[in-house]
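Single-letter residue listing:
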Amino acid sequence: MNFKELSNKALISDNDIDWEDLGAGVKRKIMAYDDNLMLVKVAFEKDAIGTIHNHPHLQMSYVAKGSFEVSMGDDKKILNEGDVFFAPSNVYHGVVCLEAGLLVDIFNPHREDFLK
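Residues numbered from 1 in each chain as written. Predicted model: local features only at pLDDT ≥ 70, side-chain atom pairs only at ≥ 80, totals over all residues. Heavy atoms only, no water.

- An unreviewed UniProt entry annotates the protein as Cupin domain-containing protein of Pedobacter roseus.

In C-alpha cells form, the structure reads like this:
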C-alpha cells in the first residue's frame with residue numbers, strides 16, 4: 001500500500017505498508033495520518049544516526065525497541081525500550097542508536113515533507 005492511500009484511513013495493517021529506506025541504517029513507515037496527526041515507525045540499525053534537526057511540528061517518540069542516545073536542545077539522555085521523548089516546536093533534537101531499535105513517532109500536525 002502506498003502511504004498516500006493512508007490519509008484518514010481508520011484500520012491499517014502493518015504488513016500492508018512497505019518500509020521506506022532512508023539510507024545509513026534508517027528506514028520508516030508512515031502508518032497513519034490526517035491533517036492534524038501522523039504516526040510513523042522509524043527503524044534504526046545499531047550506530048545509525050537520526051541527525052540533529054528541528055521543525056515546527058510537535059513530536060512525541062516512543063522507544064518501542066532498542067536503546068538510543070537522545071539529544072534534546074542542550075540535554076542528552078540514554079532512553080531504552082518503553083521510554084518516551086517529547087520534542088516541542090522548533091527545538092533541535094536527534095538520536096544515535098546504541099542498540100538496533102524502533103521509534104514510534106507522533107507528529108502534530110502531520111509532516112507534509114514526509115509525503116513528498
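**Quick word on the side chain of R111**
Next up, step 1: Within the element layout of this structure, R111 appears in the segment after β8 (93-108).
Next up, step 2: By relative accessible area, which is 8% here, R111 ends up buried.
Next up, step 3: Polar contacts involving the side chain of R111 include one to the side chain of H55, which spans 3.4 Å.
Next up, step 4: When sequence neighbours within four positions are dropped, the list of residues in contact with R111 reads M38, H55 and H57. (Helix = DSSP H or I, 4+ residues; strand = E, 2+ residues; numbered from the N terminus. Buried < 20%, exposed > 50% of the residue type's maximum accessible area, 1.4 Å probe, protein only. Polar contact = N/O pair within 3.5 Å; in protein donor to acceptor, adjacent residues only side chain to side chain. Contact = heavy atoms within 4.5 Å.)

**A short note on the nonpolar core**
Next up, step 1: Residues M38, F44 and F68 are the most contacted members of the largest nonpolar core, which totals 21 residues.
Next up, step 2: Those elements that place two or more of their residues in this core are β2 (26-33), β3 (38-44), β5 (58-72), β7 (84-87) and β8.
Next up, step 3: If we ignore the near neighbours within four places in the chain, the residues touching F68 are F44, V63, K77, I78, L79, V95, V96, C97, L98, G101, L102 and L103. (Core = buried A, V, L, I, M, F, W, Y, C linked by side-chain atoms within 4.5 Å.)

**Focus on the layout of surface pockets**
A water-sized probe rolled over the atoms picks out the places where empty space is left.
Next up, step 1: The calculated volume of the largest pocket comes to roughly 400 Å³.
Next up, step 2: Lining the largest pocket we find 21 residues, and of these V42, F44, G50, T51 and H53 sit closest to its centre.
Next up, step 3: Those elements that provide at least two residues to the lining of the largest pocket are β1 (20-23), β2, β3, β4 (49-53) and β8.
Next up, step 4: Sort the elements by how many residues they give to the lining of the largest pocket and β8 lands first, with six residues.
Next up, step 5: Among the residues forming the lining of the largest pocket, the class breakdown is eleven nonpolar, seven polar and three charged. (1 Å grid on protein atoms, 1.4 Å probe; cavity = no way out; pocket = protein on both sides within 12 Å on 5 of 7 lines; lining within 4 Å. Points joined across faces, edges and corners; volume = space filled by probe spheres on them. Nonpolar A, V, L, I, M, F, W, Y, C, P; charged D, E, K, R; others polar.)

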